[in-house]
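# Residue-level structure breakdown
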Amino acid sequence: MEILSVIGARPQFVKASVVSRELRKHHEEILVHTGQHYDEELSDVFFEELGIPKPDHNLGVGSASHAKQTGEMMIQLEELVTEYDPDVVLSYGDTNSTLAASIVASKMDAEMAHVEAGLRSFNRDMPEEVNRVLTDHVSDYLFVPSQQAIEHLEAEGITESVYNVGDVMYDALLWVQESSADEPAVLKRLGLEPNNYILATVHRPRNTDDSERLAAIIDCLSDDPREVVFPAHPRTVSCLADHGLLERADEELTLIDPVGYGDFIGLQANSELIATDSGGIQKEAFFLNIPCITLREETEWPETVEEGGNVLVGADPAKIRDALASPPISTSDATPYGDGTAGEKIVEVLSS
């Protein structure tokens, strides 16, 4: 079987590492990197440490408007689907790379497989939500991470070829933990004591492009007496500068460059609590049983809130301060995202 896998953003590199490892035991994979994340720290280092094979094609699309970026991806992906005529086009998550792959596959009558199907934040102002919905409705194989994702699809009339395989990011986290030291080198490098710092990330346009929201988040984090480690995406740094917040963030927070996946898992696992607007990090905090404060009003991972380890605060200063003072604690041993064998299950379905 020949699979054309499409990835383009850092979380997709992590997910692909799990599935590609299983796929290549028995099948041929053509790996396509769209270039949506093109910074070396956000791309190359992830391939190296996760053992992902070098992409067969790098489209080099880079940053642009949603329409231009997605359109350029589609043009080049169409050429590749024509050239290889794969049995299945496989894509992950909810980025423009995901949407481009799904549209090309559906227009060219190629079978489309979507890993992480069925997630919904129910906020159509988020580009990711639009990408999720459209991709699910043209996919031939829908690999969902939870029972709730199945219910979301059923509510939209999608009941065929839906497979609850669990979450591939749980597979990836377990793999990293098995191959890592108890106390990662990144702590020593940054002079951090375990369980004695807050880890924070902010990257969603809803927060970074709104000066009032971003200022509220930075103010609350800066006022906390604990050290706040803030790995900052280049776009976030640019937005901090544009809104006149970079100097305060640099003075009051431990502002660092993005780190590799293993280092970041180490930072999460050894933190006292996490404040983030990332869906993937919410989930990793849940896996690691680290209290999570989500800087959004909604989440596509509601199980993390329902089980008690995550709280939604948006950019409301009072809610952020309350959550920092009294972090959410999960006492549940529920495992809504599977048993860490999602990659194997996906390949089993595709093989059959």
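One numbering rule holds for all chains: residues counted from 1, following each sequence as written. This being a predicted model, a pLDDT of at least 70 is required before a residue's local features are given, and a value of 80 or more before pairs of side-chain atoms are given or counted; all residues contribute to the totals for chains, interfaces and linings. Heavy atoms from the whole structure form the basis of all side-chain values; hydrogens and water molecules are not counted.

## A few points about helix H3 (residues 66–84)
For H3, spanning 19 residues, the distance from its first C-alpha to its last is 27 Å, which sits close to the expected 27 Å at 1.5 Å a residue. Using a 1.4 Å probe on the protein chains alone, a residue whose accessible area is under 20% of its type maximum counts as buried, one over 50% counts as exposed, and one in between counts as partly exposed. Working definition: helices are DSSP H or I runs of at least four residues, strands are E runs of at least two. Numbering for both runs from the N terminus. Taken as a whole, H3 has its buried residues at Gln69, Thr70, Met73, Leu77, Leu80 and Val81. Along H3, the residues classed as buried sweep out an arc of 95° about the axis, all on the same side. Residues of H3 that are exposed and point over 90 degrees away from its buried face: Ala67, Lys68, Glu79, Thr82 and Glu83. Asp85, located one to two residues past H3, shows a positive phi value of around 50°. Multiplying one less than the number of residues by 1.5 Å gives the expected span of a helix. Here, the arc refers to the directions that run from the helix axis to the C-beta atoms.

## Digging into the environment of Ser91
Within the element layout of this structure, Ser91 appears in strand S4 (residues 88–92). Between the C-alpha atom of Ser91 and that of Val115, which follows or precedes it by 24 residues, the distance is 6.3 Å. With near-sequence residues (within four places) excluded, Ser91 lies in contact with Val6, Ser97, Thr98, Ala101, Met112, Ala113, His114 and Val115. By definition in these notes, contact holds between two residues if any of their heavy atoms fall within 4.5 Å.

## Digging into the pattern of salt bridges
A side-chain nitrogen of Lys or Arg and a carboxyl oxygen of Asp or Glu constitute a salt bridge if their distance falls within 4 Å. Scanning the model with the defined rule gives 23 salt bridges in all. Linking Asp167 and Lys283 is a salt bridge whose minimum nitrogen-to-oxygen distance equals 2.9 Å. Residue Asp167 is located in the loop between strand S7 (162–164) and helix H7 (168–178), and its partner Lys283 is located in helix H14 (residues 279–288); the two are separated by 116 residues in the primary sequence. Taking the relative accessible area as the measure of exposure, Lys283 reaches 1% and is therefore buried. Connected through salt bridges with shared partners, the residues Asp94, Glu128, Glu129, Arg132, Arg204, Arg296, Glu298 and Glu300 form a single ionic network.

## A short note on the packing of aromatic side chains
Stacked, tilted and edge-to-face are the three classes assigned to paired rings of Phe, Tyr and Trp, where Trp is represented by its six-membered ring and a pair needs centres within 6.5 Å; plane angles under 30 degrees give stacked, over 60 edge-to-face, the rest tilted. Counted under the stated rule, the structure contains seven aromatic pairs. On the numbers, 6.4 Å between centres and 5° between planes, the contact of Tyr141 with Phe143 is stacked. By relative accessible area, which is 17% here, Tyr141 ends up buried. Residue classification places Phe143 among the buried residues on the basis of a relative accessible area of 1%. Following the ring pairs from residue to residue traces out a cluster consisting of Tyr170, Phe286, Phe287, Trp301 and Tyr337. In this scheme, the term charge over a ring applies when either NZ of a lysine or CZ of an arginine sits within 6 Å of the ring centre and within 35 degrees of the ring normal. One residue, Arg21, lies across the ring of Trp175, its end atom 4.3 Å from the ring centre.

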